[in-house]
Every structure is written in C-alpha cells, then in structure tokens.
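Analysis of the macromolecular model
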Amino acid sequence: MKKLIIAIDGYSSSGKSTMARRLAADIAYRYIDSGAMYRAVTLYALENGMIKADGTPDIAALKAALPHISIDFSPAGADGRQHTLLNGRDVEHDIRSLRVSEHVSPVAAVPEVRHALVAMQQALGREGGIVMDGRDIGTTVFPDADLKIFVNASARTRAERRYAEMQAAGTHVDFEEVLANVTQRDHIDETRAESPLRRAEDAIDLDNSRMTLEEQDAWLRARFNEALKKHG
Ligand code: DC
C-alpha cells in the first residue's frame, strides 16, 4: 500500500503539532515538526549575534550562516517525543522559549531561510509515510500531499494552550504576553511575502476550539482512512 504524505497547517498553538504527532504514532508514519526547524535557525541566530538591536534578523549574516546550520531529529526519547538537534546538540527545550517564539516569525520570513528549510522538508518526505505540520506544508512544501488539513482555533484558546504548555515545562510567563505573541505571530505569518500562512484550496478545515484530544484524534484518523482509500 502506498505511504501517504499528510500536511497539517494552521495558526500557532492551534494544536496541530499534537494531532500530527499522535496520528503519526498511530499509523507508524514519521512525524516532522517544521516549526521546530524555523525555531532552531532562530536559536542559532540568537546565539550567534545575528539578531539586531531592533529585534530583526541580520539577513546577510544569516544567509552566510545557512550552510553551517544542520538540523536533525533524534528518534523518540523516553518522553515519546523526538528531539530537535541543531548541529548535533539537543535544543528541544531551548527552541520552545518565549525568546525564540518572539523572534521566529521575522526569521521565518527571510526567503533564503525558507528556501533552505523547504528543500530539507521535501527531502524528508520524498519516500512518503510522513505527517508534517507547519504553515505552508499543503501550499508550498507538498502541494500534492494526499491529505491536507487546516487547523484553526480562536487566538485566546490558542494562547491558553501555549500558556499551559509553558507552565507545565516550568517556564513562568505572563498570560497577556503569550496572547500578544500569538496574535503578533499570526499577523507576521499571514502577511509575509514568501509563502505566507494560507489555507490550501483543497485542505479540509478543522476548528478544534471545543474538541477533546480524543475527538480530534478520531476525526483525523477518519480523514486519514478516507485518504488511504482514495490514494493508498
Ligand atoms: O509551529 P510553531 O509555532 O512552532 O512555528 C514557529 C514559527 O515558525 C511560526 O511563527 C511560523 C514559522 N513557521 C513557518 O513559517 N513555516 C512553517 N512551515 C512552520 C513554521
């Protein structure tokens, strides 16, 4: 049976990574968090003085650094998650910080960064059997994906989720700050010139504001089964 390519796009903290990861585990496909790749590049830029005083990236320095940035994913660890590796170093915790969240959208808007990461993402999905989540997976990375989902939820619901996640990880932040970050990232992601956050025309919409995790899993599994019948 053919192994499918599944693209899950949507707004930040819409729960798309959780649903993508759980589906991948359920159907024994590989899961790739493309946002983690943009976060890893952002962490690299922050650590190497490539973010200017006004908070925007130093594009020339970032472009020159791209060939020296390698991003991989470790196999799933004891916590059931695969960890993001930046030049071999486990940065899974660091890339989820508010500091990285605050700088990632401008870095992800740099065309050269996008070209490099999109090429890596396409290479990862070449064999199929992949669930990838992000902003432009169904539009730019895999326009021919076998199943495309576009996830949305209100900005407040999404900020509450991100806040709970950060609290659980032991990061103490102000809720209003998290909400402001979510709204600001939506705006930058939607309005950037290079592959903005956009729903693919053939995507299936999901608003999961009022769904439990189990309902969401069942909904996605049903969409997968339909896609498998059609394309498998
Ligand atoms: O999904 P996330 O919040 O971890 O994504 C972090 C940032 O990366 C987000 O603000 C936009 C960017 N991103 C992107 O531009 N394209 C993707 N395919 C995935 C993420």
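Residues numbered from 1 in each chain as written. Predicted model: local features only at pLDDT ≥ 70, side-chain atom pairs only at ≥ 80, totals over all residues. Heavy atoms only, no water.

1. Let's talk about the overall build of the protein
Quick note on the threshold: Helix and strand labels come from DSSP, where a helix needs a run of H or I of at least four residues and a strand needs a run of E of at least two; each type is numbered from the N terminus. Using C-alpha atoms as the atom set, the radius of gyration is obtained and then compared with a globule rule of 2.2 Å times the number of residues to the power 0.38. Each residue gets one of three labels from its accessible area relative to the maximum for its type: buried under 20%, exposed over 50%, partly exposed in between, using a 1.4 Å probe on protein chains only.
In terms of helices and strands, the protein carries 9 helices and 8 strands. Taken over the C-alpha trace, the protein has a radius of gyration of 17 Å; the compact-globule value for 232 residues is 17 Å, and the two agree within 12%. For the protein, the spread of C-alpha atoms along the principal axes amounts to about 50 × 40 × 35 Å. For the protein, the proportion of its 232 residues judged to be buried stands at 51%.

2. Considering the nonpolar core
Heads up, the condition is: Throughout, nonpolar core names a set of buried Ala, Val, Leu, Ile, Met, Phe, Trp, Tyr and Cys residues whose side chains join them through atoms within 4.5 Å. Whether two residues touch is decided by their heavy atoms; if any such pair falls within 4.5 Å, the residues are in contact.
Membership of the largest hydrophobic core comes to 37 residues, with the highest contact counts inside it found for Val41, Leu62 and Val113. Of all the secondary structure elements, the ones that give two or more residues to this core are β1 (5-10), α2 (34-47), α3 (59-65), β3 (71-73), α4 (98-108), α5 (111-124), β6 (130-134) and α6 (137-141). Per-element accounting of this core gives the leading share, 9 residues, to α2. With residues up to four places along the chain from it excluded, the contact list for Val113 reads Tyr38, Val41, Leu62, Leu66 and Val107. Grouped together as the second largest cluster of nonpolar side chains are 20 residues, Leu4, Ile8, Met19 and Leu220 included.

3. A look at the site of the ligand
Quick reminder of the rule: Consider each residue's heavy atoms; a residue with any of them within 4 Å of a molecule or strand counts as near. Polar contacts, as counted here, are pairs of nitrogen or oxygen atoms within 3.5 Å of one another; within protein the pair requires one atom able to donate a hydrogen and one able to accept it, and residues that are adjacent in sequence qualify only if both atoms are side-chain atoms. Using a grid of 1 Å spacing that covers the protein atoms alone, one calls a set of points a cavity when a 1.4 Å probe fits there but cannot get out, and a pocket when the set is open and has protein on both sides within 12 Å along at least five of seven lines; lining residues are those with an atom within 4 Å of a point. Cavities and pockets are treated as containing a molecule whenever more than half of the molecule's atoms lie within 2 Å of their grid points.
Taken together, 17 residues surround the ligand, and among them Arg39, Arg114, Asp136, Arg185 and Arg192 come closest. Take Arg135: an N or O atom from its side chain is 3.0 Å from an oxygen atom of the ligand. Within the contact set of the ligand, an oxygen atom lies 2.9 Å away from a side-chain nitrogen or oxygen of Arg185. Judged by the proximity of its atoms to the pocket grid, the ligand belongs to the largest pocket. Taken together, the elements giving at least two residues each to the shell around the ligand come down to α2, α4 and α8 (175-191).

4. What about helix α1 (residues 16-27)?
For clarity, the cut-off: Given a helix with a known number of residues, its expected span is that number minus one, times 1.5 Å. This arc corresponds to the set of directions leading from the helix axis out to the C-beta atoms.
For α1, spanning 12 residues, the distance from its first C-alpha to its last is 16 Å, which sits close to the expected 16 Å at 1.5 Å a residue. Within α1 the residues assigned to the buried category are Lys16, Met19, Ala20, Leu23, Ala24 and Ile27. Projection of α1 onto a plane perpendicular to its axis shows the buried side chains occupying an angular sector of 130 degrees, all on one side. For α1, the elements touching its buried residues are β1, β2 (30-33), β6, β7 (147-152), β8 (204-207) and α9 (213-231). Following α1 by one or two positions, Ala28 has its phi on the positive side, about 60 degrees.

5. Section: the sheet that holds β8
As a reminder, the rule being used: Paired strands, as defined in this entry, are two strands with at least two bridges between them according to DSSP. The axes are straight lines fitted to the C-alpha atoms, using for helices just the contacting stretch, and the angles between their N-to-C directions are given from 0 to 180°.
If you trace the 5 strands from one edge of the open sheet to the other, you get β2-β6-β1-β7-β8, paired in parallel fashion. The strands lining the two open edges of the sheet, one partner per strand, are β2 and β8. Across this sheet, the average inter-strand angle for adjacent strands is 20 degrees, counted without regard to direction. Where β2 meets β6, 4 bridges bridge the pair, whose relative direction is parallel. In the strand pairing of β6, Tyr31 is matched with Val131. The sheet strands contacting α2 are β2 and β6, and the helix crosses β2 at an angle near 40 degrees.

6. Overview of a negative patch on the surface
This is how it is decided: Note that patches include only residues with greater than 30% relative accessible area and no salt bridge, and the join distances are 9 Å for like charges and 5 Å for nonpolar side chains (Val, Leu, Ile, Met, Phe, Trp, Tyr). All accessibility values rest on the Shrake-Rupley procedure with a 1.4 Å probe; residue burial counts only the protein chains present in the view. A pair is scored as a salt bridge if a Lys or Arg side-chain nitrogen falls within 4 Å of a carboxyl oxygen belonging to Asp or Glu. Charge assignment in this entry is limited to Lys and Arg as positive and Asp and Glu as negative, and neither His nor the chain termini are counted. Each charge is placed at NZ for Lys, CZ for Arg, CG for Asp and CD for Glu.
A cluster of acidic residues, Glu102, Asp174, Glu176 and Glu177, forms a negative patch on the protein surface. Assignment of secondary structure puts Glu177 in helix α8.

7. Focus on the packing of α1 against α9
As a reminder, the rule being used: Working rule for angles: under 35 degrees goes down as roughly parallel, over 145 as roughly antiparallel, 65 to 115 as roughly perpendicular, anything else as oblique. Crossing handedness follows the turn of the near helix against the far one: under a right angle anticlockwise gives a left-handed crossing, and clockwise gives a right-handed one. Only Asp, Glu, Lys and Arg are considered charged, only Ala, Val, Leu, Ile, Met, Phe, Trp, Tyr, Cys and Pro nonpolar, and every remaining residue, Gly among them, polar.
Contact geometry for α1 and α9: axes closest at 10 Å, N-to-C directions at 60 degrees. Comparing the axis directions of α1 and α9 gives the class oblique. For the element pair α1 and α9, the recorded crossing hand is right-handed. For the pair α1 and α9, contact is made by Thr18, Met19, Arg22, Leu23, Asp26 and Ile27 and by Leu213, Glu214, Gln216, Asp217, Trp219, Leu220, Arg221 and Phe224, respectively. Its residues placed into classes, the contact of α1 with α9 shows 7 nonpolar, 2 polar and 5 charged.

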